[in-house]
Amino acid sequence: MNYKNEIAKRINAITNVEVSSLEEYIEIPPNTELGDFAFPCFKLAKEMRKAPPAIAAELKEKLAEDEVISKIDVVGGYLNFFINKSAFAKNVVTEVLAKGDDFGKSDIGAGKNIVIDYSSPNIAKPFHIGHLRTTVIGGALYNMYKAAGYNVIGINHLGDWGMGISKSIAGYEMWKDEYTFDENAIYSILAIYVRFNKLEKEDPSMTDKARDVLIRLENKDEETTKIWKWIIDISLKNYAKIYELLGSKFDSYNGEAFYNDKMDRVVSMLEEKGLLKESEGAKVVEMPEENMPPCIIITSAGTTIYATRDLAALLYRIENYDFEKALYVVGSEQSLHFKQVFKTLELMGYEKYAKSCEHIPFGLILDENGEKIGSRKGGKLPTLEEILNESIEKSLQIIEEKNPSLENKEEVAKMVGVGAIIFNDLSNNRIKDEIFDWNQLLNFTGETGPYLQYTYVRTNSILRNANVDLSDINTDELLDKEAIEVIRKLSEYPDVVLSAVNKNEPSLISRHLIDLAQCFSRFYNEHQIICDNEDTKKARVALSKCVGTTIKNGLSLLGIQTPEKM
Ligand code: ARG
C-alpha cells in the first residue's frame with residue numbers, strides 16, 4: 001500500500017491537482033504524534049486562492065475517515081493524516097515477507113539503458129586507495145539501477161594510453177634486467193615508473209624517451225605493443241583481486257586505447273561543424289558563453305588528448321547503448337573536464353544525449369586527523385589490496401575474540417572487513433570527504449557496516465531459535481510504539497531506494513538501514529521476542545525476519561555481503 005499515493009488520490013478527487021505533484025508535496029511529520037503523513041496546504045494556495053488554514057479546513061470537511069485513514073487533523077496550514085495502524089502493519093509485514101529478496105526492487109527503469117563509467121584506474125600501478133571511492137560508489141549505483149529495473153552497462157574506462165604508460169614502458173626497456181617479474185610484477189613496474197619520474201626531473205631527455213615509446217605505440221610497433229599488452233595484463237590481474245573482494249562488476253573494459261581508431265571521426269566531425277579553432281598551435285573548441293576555458297582536442301604536439309577520447313567514447317556509447325543516462329563516477333577535480341566534454345557534445349548536435357550525461361563527483365578520503373590520506377611526508381601510500389587485507393585481518397581478530405567457535409571464520413572476516421570499508425565509503429553524502437579511521441569503521445556498535453551485518457545475524461538467530469511457522473501471523477500484535485516505528489522504516493525502504501537512484505546517492509540507503517537497525521534495536525530491548533504468547537511471538541519473529549530481509553537487501557545494493565552467523 002502506497003499511502004502517499006492513497007492520500008494524493010483523495011485530495012485529487014477534491015482539487016483536481018495532479019496526483020503525482022500532490023504525492024510529492026506530502027511530508028512525513030518530524031514527530032509521529034502529529035500524524036503519519038502531513039499535507040502542506042500552502043502548496044495549493046495559488047490554485048485555490050485561499051489561505052492555507054482555510055484550505056486545510058475545506059479539505060478536512062470533504063475528506064472521509066475510513067479503513068485506511070483513521071483520522072485527519074488540521075494544524076495551522078497543515079492537514080495531518082493518521083493511518084489505520086492495524087491495516088498498515090498487516091500490509092507492510094505481508095509485503096516484505098512475500099517479496100523477500102525482491103523487496104525494494106521495482107521496474108521503473110524497464111527498457112532503459114544506463115551507462116555507468118566507474119573505477120577506471122590508470123594502468124601500470126597497483127590499485128591504490130585513490131580509486132576506492134569511484135569503485136565503491138559506482139558499484140553501488142550499478143546495483144541500485146539494476147534493482148530499479150534498468151539495463152545497466154558498467155564500464156571500466158581504463159587509463160591505458162598516453163605518456164604515463166609510455167614512461168613505464170621506456171623504463172622497462174632500460175632496466176628490465178634489474179627487476180624480477182613474478183606474481184608481484186606490478187610492484188616492479190611501479191618501481192620502474194617511480195624511478196623514471198625521478199630521473200626525468202633531473203634529465204629532461206627522459207621525456208623524449210617516453211614520447212618515442214608513445215610514437216612507437218601509435219605506429220603499432222610490434223615489440224612495444226607486446227610490452228604494452230603485457231603491462232595491461234599484469235595490471236588487470238592486480239585489479240581482478242580487488243574487484244573480486246569488492247564484488248565490482250563491469251560489462252566492458254574498453255579503456256582509452258580502445259578509441260585510438262575512433263578519434264579521427266571526432267576531429268572531422270568537429271571540423272565539419274566549424275567548431276575547431278587554432279589556439280597557440282593547439283586545436284580547441286571554444287565555449288565563451290559558458291565562461292569556461294576552451295576544450296583542447298589536439299595538443300600543440302599534434303596528439304589527441306583525454307577529452308578527445310572521452311568524446312569518441314561518448315559517440316560509441318550513444319551508438320551502441322542509446323543511453324537514457326550516462327554517469328561518470330569520477331572525483332570532483334575533473335569537474336571542468338566533464339563540463340567541457342558534455343558541452344562539446346551538445347555543440348556537435350547531440351543535445352539530448354549531452355543533457356543525459358552527468359558527472360557524479362565525490363569528496364576526498366581523509367585520515368583520522370583530517371589530512372588527505374597518504375599526505376604525510378615519507379609515508380608510503382598503502383595499496384588498496386593492503387588496506388582490504390588489513391581490514392579482513394582486524395575483523396578476524398575481533399571474531400577470534402568474540403566468537404572463537406564460529407565456523408568459516410575466514411569467510412565471515414572477509415565479508416565483515418570488506419563490508420566495513422565499503423560502508424564507511426557510502427555512509428555519508430558522497431560529496432563530503434570520507435574519514436578513514438579504523439576505530440570507527442570497524443566499530444560493531446557504531447553506525448557501521450559490521451553493525452548492520454550484526455543486526456542481520458541477530459534477526460537470523462531469532463528466526464532459528466524461535467523455529468515457528470510464519471504463514472499465519474496476527475499483525476495486530478505489532479501495534480506498540482516500537483514495532484510501528486520499525487514497520488514505518490520498512491515501509492519507507494522502497495521509496496528510499498528510488499530516491500537514492502534519482503539522486504545517485506547510495507548514502508540515502510545506508511542512512512536508512514542504520515535508522516531501521518536502531519529502531520529494531522529499540523524494539524528488541526523493549527519487548528521479549530521469544531515470549532509465551534504464541535501469537536505475539538510469531539508476530540515479533542515475523543517482524544524480525546522483515547528487518548533482516550530489508551537489511552540484507554539494502555546491504556546487497558551497497559555491495560556488501562551478509563554472513564548468516566558471525
Ligand atoms: N583514468 C581516469 C583517472 O584515473 C578516470 C577516467 C574516468 N572516466 C572517463 N571516461 N574519463 O583519473
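Relevant structure appears above.
Everything in this summary refers to the structure shown in the same document. (Residues numbered from 1 in each chain as written. Predicted model: local features only at pLDDT ≥ 70, side-chain atom pairs only at ≥ 80, totals over all residues. Heavy atoms only, no water.)

A closer look at the overall build of the chain
The following threshold applies: Only DSSP runs of H or I with at least four residues qualify as helices, and only runs of E with at least two residues qualify as strands; both kinds are numbered from the N terminus onward. Here the term buried applies to any residue with accessible area under 20% of the maximum for its type, exposed to any over 50%, and partly exposed to those in between, with areas from a 1.4 Å probe on protein chains only. The protein chains shown are the only cover counted for residues, whose accessible areas, like all others here, come from Shrake-Rupley with a 1.4 Å probe. Counting rule for charge: Lys and Arg are taken as positive, Asp and Glu as negative, and neither His nor the chain ends is counted. Here the site of a charge means atom NZ of a Lys, CZ of an Arg, CG of an Asp or CD of a Glu.
For the chain, the count of helices and strands is 21 helices and 12 strands. Expressed along its principal axes, the backbone C-alpha trace of the chain runs to roughly 80 × 65 × 40 Å. Sorting the 566 residues of the chain into buried and exposed places 53% on the buried side. For the chain, the accessible area works out to roughly 26400 Å², and carbon and sulfur atoms hold 47% of it. Of the side-chain charges in the chain, 68 are positive and 88 negative, and the distance between the mean point of each set is 1 Å.

Observations concerning the sheet that holds strand 9 (residues 325-329)
Put simply, the rule is: Between any two strands, at least two bridges found by DSSP are needed for them to pair. Helix axes are fitted to C-alpha atoms over the stretch in contact, other axes to C-alpha atoms as well, and angles between N-to-C directions run from 0 to 180 degrees. Between two residues, a contact is recorded if the distance between any of their heavy atoms is within 4.5 Å.
The 4 strands are arranged 5-4-9-10 in an open sheet whose pairing can be described as parallel. The sheet is open, and its two borders are formed by strand 5 (151-155) and strand 10 (357-360), each paired with just one other strand. Neighbour-to-neighbour, the strand axes of the sheet open up by a mean angle of 20 degrees, direction not taken into account. Looking at chain direction, strand 4 (residues 113-117) and strand 9 are connected through 4 bridges and run parallel. Bridge assignment links I116 to a residue of strand 9, and that residue is L327. Running at roughly 155 degrees to strand 4, helix 12 (residues 306-321) makes contact with strand 4, strand 5, strand 9 and strand 10 of the sheet.

Observations concerning the sheet that holds strand 8 (residues 295-298)
Across a sheet, paired strands are connected by hydrogen bonds in the backbone, their directions being either parallel or antiparallel. The strand order 6-7-8 describes an open sheet built from 3 strands, whose pairing is antiparallel. Of all strands in the sheet, those with a lone pairing partner are strand 6 (276-279) and strand 8, marking the two edges. Across the sheet, the mean angle separating the axes of adjacent strands is 45 degrees when strand polarity is ignored. Pairing analysis gives 3 bridges linking strand 7 (residues 282-285) to strand 8, with the strands arranged antiparallel. Looking at the pairing, K283 lines up with I298 of strand 8.

Focus: the packing of helix 18 (residues 449-466) against helix 20 (residues 507-526)
We apply this condition: Just so you know how the angles are binned, under 35 degrees is roughly parallel, over 145 roughly antiparallel, 65 to 115 roughly perpendicular, and the rest oblique. By definition, any crossing whose near helix is turned counterclockwise from its far helix by less than a right angle is left-handed, and any crossing with a clockwise turn is right-handed. Think of it as three bins: nonpolar holds Ala, Val, Leu, Ile, Met, Phe, Trp, Tyr, Cys and Pro, charged holds Asp, Glu, Lys and Arg, and polar takes everything else, Gly as well.
Interaxial distance between helix 18 and helix 20 falls to 10 Å at its minimum, and their mutual angle equals 45 degrees. Here helix 18 is positioned oblique relative to helix 20, judged by the angle of their axes. Considering the relative orientation of helix 18 and helix 20, their crossing is left-handed. The residues of helix 20 that touch helix 18, namely those facing Y451, L452, T455, R458, T459 and I462, are L513, I514, A517, Q518, F520, S521 and Y524. Grouping the constituent residues of the contact of helix 18 with helix 20 by class yields 8 nonpolar, 4 polar and 1 charged.

Brief notes about the packing of helix 10 (residues 222-246) against helix 15 (residues 384-402)
For the pair helix 10 and helix 15, interaxial distance at closest approach is 10 Å and the crossing angle is 35 degrees. Between helix 10 and helix 15 lies a crossing whose hand is left-handed. Residue-level contacts link N238, K241, I242, L245 and L246 of helix 10 to L384, E385, L388, N389 and I392 of helix 15. Considering only residue class, the contact of helix 10 with helix 15 consists of 6 nonpolar, 2 polar and 2 charged.

Topic: the nonpolar core
Quick note on the threshold: Side-chain atoms within 4.5 Å link the members of a nonpolar core, which is a set of buried Ala, Val, Leu, Ile, Met, Phe, Trp, Tyr and Cys residues.
One finds F81, I116 and I509 to be the most contacted residues of the largest nonpolar core, which totals 142 residues. When sequence neighbours within four positions are dropped, the list of residues in contact with I509 reads M144, Y493, V496, V497, A500, G554, L557 and L558. Judged by nonpolar contacts, the second largest core, of 38 residues, contains L314, I318, F342 and A354.

Side note on the site of the ligand
What counts is decided by this rule: Any residue with a heavy atom lying within 4 Å of a molecule or strand is counted as near it. Whenever a nitrogen or oxygen atom comes within 3.5 Å of another N or O atom, the pair is scored as a polar contact, on the condition that within protein one atom can donate a hydrogen and the other can accept it, and that pairs from neighbouring residues in sequence are kept only if both atoms are in side chains.
Close contacts around the ligand come from D117, S120, N122, H131, H157, Y306, D310, Y328, V330, Q334 and F338, and that covers them all. For the ligand, a nitrogen atom lies 2.7 Å from a polar atom in the side chain of Y306. Between the ligand and the protein, one listed contact pairs a nitrogen atom with a side-chain N or O atom of D310 at 2.7 Å. Of the residues that constitute the shell around the ligand, the class distribution is 4 nonpolar, 5 polar and 2 charged.

Let's talk about the pairing of strand 7
Side-chain positions along a regular strand alternate between the two faces of the sheet. Where strand 6 lies against strand 7, 4 bridges are found, and the strand directions are antiparallel. Opposite S279, over in strand 7, you have A282 as the bridge partner. Counting the residues between successive antiparallel strands, the hairpin from strand 6 to strand 7 contains 2 residues, one of them, E280, with a positive phi of roughly 50 degrees.

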